[in-house]
Amino acid sequence: MDAQGRGRADNIDPADQWVLNPNTGEYELRLTPSTPQSAVPGPRRATAHNRSVGAPEREAVPKSPGREVPAPRRRRGAPEEPPARRGRRPVKKKAKGKKILMWTGGGLAFVLVAVSAAAYLYIQHLNDNITTASDDGASTGGFSKGKAINLLVIGTDKRTGAGNEGYGDAGSVGHADTTILLHVSKDRSNATALSIPRDLITDVPDCQTTQSDGTSKVIPGTTSVRFNTSLGQDGRTASCTVRTVTELTGIQADDFMVADFNAVKTLTDAVGGVEVCLAKNIDDSDSHLKLSKGTHNLSGEQALAFVRTRHSVGFGGDLSRITLQQQFLSALMRKLKSNSTLTSPSKMLKLADAGTKALTVDENLNTIGKLKDLGLELGKLNPKNLTFTTVPVVDNPAEKTPVTVVLNNTTAPQVFSLIKSDTSFTAVKQQAAKEKAAVAARLKGTKSAASAVRVRILNGGAVAGSAQETLTWLQNDEGVLKSENAGNAPAALAKTTLEYAPDQADQARRLAAIMGLSGSAMKPGKSVQNSQGLPAMTLTLGKDFKGAGVPLTSTAGSTPEGVQKSTADKVECAK
């Protein structure tokens, strides 16, 4: 018999019939009363449904004035009713808590199952997006969490994809058009993005490759060719570019990623565009970019045109385009790290989908889980500690009208050494700033009178007769009477220097002011004895000396050729 047959249908909530069985963890139908009942059923209330036909209605008992009519007695075992409700059968309160619990629990379980299934399907979708290529033994075998990371990012000029056939060489096999070696320090506190010019003349070594049909083939190396031919040319794969970078820099990549034109378009679309700054109007017919001076939010075709522009910026060559690309990547890095991206699930999903579709990665990054692990490592980096720089180069001396470049053999090895030793470029920059400040401080302070300056003058690489010329000028024009010509220096110097003892600093500052010496030309050291046996400073005229009275500060503090640095947190405008 169900609840309707018990005569309690008026007070039964359907949800009360379902209770949780603690043994099975499931809801079951229960027909037992949910409130205490008397062992003997009480008289049924007469209703229109069960009252006998013709049965007389019970008359209401009139209330006597001044007399309390006692309330009906409770059944034994029944709970006491509230005073306001005595005299009538209690109406049972519906168990809303149980109903909510039932629907919430069931709904939550359904949502969790649905989300788990959707997440699994989405992860499978992302895994299916990933295109991999063999590293053919050229890399280290993949990055490790406890070590520095070297990731080679290669941008090809292959014109695959909708709308890309209109850019220049529609039949390109896909050369290494843009190549960046990203070094992330072991402690993840800093990173260096080293751009390698595509027109750099270098040697491409023999390389083992896995062709698109799965066959293995060794591609013979070539000497003195453009770097960009390390990919695509003669069937070379990305592993050939990895080997070329290793031979060029001495740094072996852990992993590589290859991006085509579509990657720039889809990734910028996914994050809602990247904000760039222009210091002038740009109208480049080759890249199809036309923008006015100022700030612009670029995505899709415009973003691709921006990173391909070179004729309208800088000197109009590939090195100018590299600077533009570094500014763009800095802006993209800031956008990816911004709250507008990280807190938007839709943007993150679009980014994951776009990224996995746009990139070809080495076989060591063949799942979304591995890419996620790499992303988490890279995500620890603060943009202000990501330094962009370029391999130091000079114009190719073998060309009458240079169109290619070669390594700057003075500064390039230093850059490669810094990266191999896991040295932060930002730390080097900070140290250089400290040193520059210390050097500048040498010029600050009191200065002695010119007549108190005692100095010996040596010719250390300047034009013959420069020491005597300087002596005459100092004595006759500047009042430095305690000076003398000490002849030639024991060795030639590139730059003019002034060495002095600590107690001669005020004399050194006076002479530096007279001659236009920079702080870097002042060398704290020791004094020497002059011809009279008195302590004197030593002024050595180097190869940079241009004549008496010509200031030397114009060449001080110049950046070594080819070594230009910028950090990802700084907004720079394309010039």
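Quick caveat: nothing in here was measured; it's all calculated off a predicted structure.

### Notes on the packing of aromatic side chains
Overall, the coordinates contain one aromatic pair when judged by the stated rule. Plain terms: the ring middles of F306 and F328 are 6.0 Å apart, the flat faces sit at 40 degrees to each other, and that makes the pair tilted. Here the residue F306 occupies a position in helix α4 (residues 300-308), and F328 occupies one in helix α5 (residues 318-337), the gap between them amounting to 22 residues. With a relative accessible area of 3%, F328 lands in the buried category.

### Concerning the environment of Y122
Assignment of secondary structure puts Y122 in helix α1 (residues 96-129). A residue is classified by how much of its surface remains accessible, and Y122, at 27% relative accessible area, is partly exposed. Distance in space between the C-alpha atoms of Y122 and D353 is 9.2 Å, their sequence separation being 231 residues. Residue contacts for Y122: discarding those within four places in its chain leaves L349 and D353.

### Quick notes on the pattern of salt bridges
Inspection of every chain in the model, using the stated rule, returns 12 salt bridges. Its salt-bridge partner being D177, residue R321 comes within 3.0 Å of it at the nearest N-O pair. With R321 in helix α5 and D177 in strand β5 (residues 176-184), this pair connects stretches of sequence that are 144 residues apart. By relative accessible area, which is 10% here, D177 ends up buried. In this structure, D318 and R198 form a salt bridge, with 3.6 Å as the shortest nitrogen-oxygen distance. Of the two residues, D318 sits in helix α5 while R198 sits in the loop between β6 (191-196) and β7 (201-204), which places them 120 residues apart along the sequence.

### Quick notes on the pairing of strand β4 (residues 149-156)
Note on strand geometry: in a regular strand, side chains alternate between the two faces of the sheet. Within β4, seven of the eight residues are buried, leaving the element largely enclosed by the surrounding structure. Alignment of β4 against β5, held across eight bridges, turns out to be antiparallel. Note on β5: the bridge partner recorded for I149 is V184. One ladder, built from five bridges, connects β4 with strand β11 (residues 255-259); its direction is parallel. Paired with L152 across the bridge in β11 is F256.

### Focus: the sheet that holds strand β12 (residues 274-278)
Strands sit in the order β15-β12-β27 across an open sheet of three strands; the sheet is mixed. Lying at the two open borders of the sheet, with one neighbouring strand each, are β15 (294-298) and β27 (573-574). α5 rests against β12 and β27 of the sheet, and its axis sits at about 140 degrees to β12.

Parameters and conventions
Residues numbered from 1 in each chain as written. Predicted model: local features only at pLDDT ≥ 70, side-chain atom pairs only at ≥ 80, totals over all residues. Heavy atoms only, no water. Phe/Tyr/Trp six-rings, centres within 6.5 Å; stacked < 30°, edge-to-face > 60°. Helix = DSSP H or I, 4+ residues; strand = E, 2+ residues; numbered from the N terminus. Buried < 20%, exposed > 50% of the residue type's maximum accessible area, 1.4 Å probe, protein only. Contact = heavy atoms within 4.5 Å. Salt bridge = Lys/Arg side-chain N within 4 Å of Asp/Glu carboxyl O. Pairing = 2+ DSSP bridges. Axes fitted to C-alpha atoms, helices over the stretch in contact; angles between N-to-C directions.

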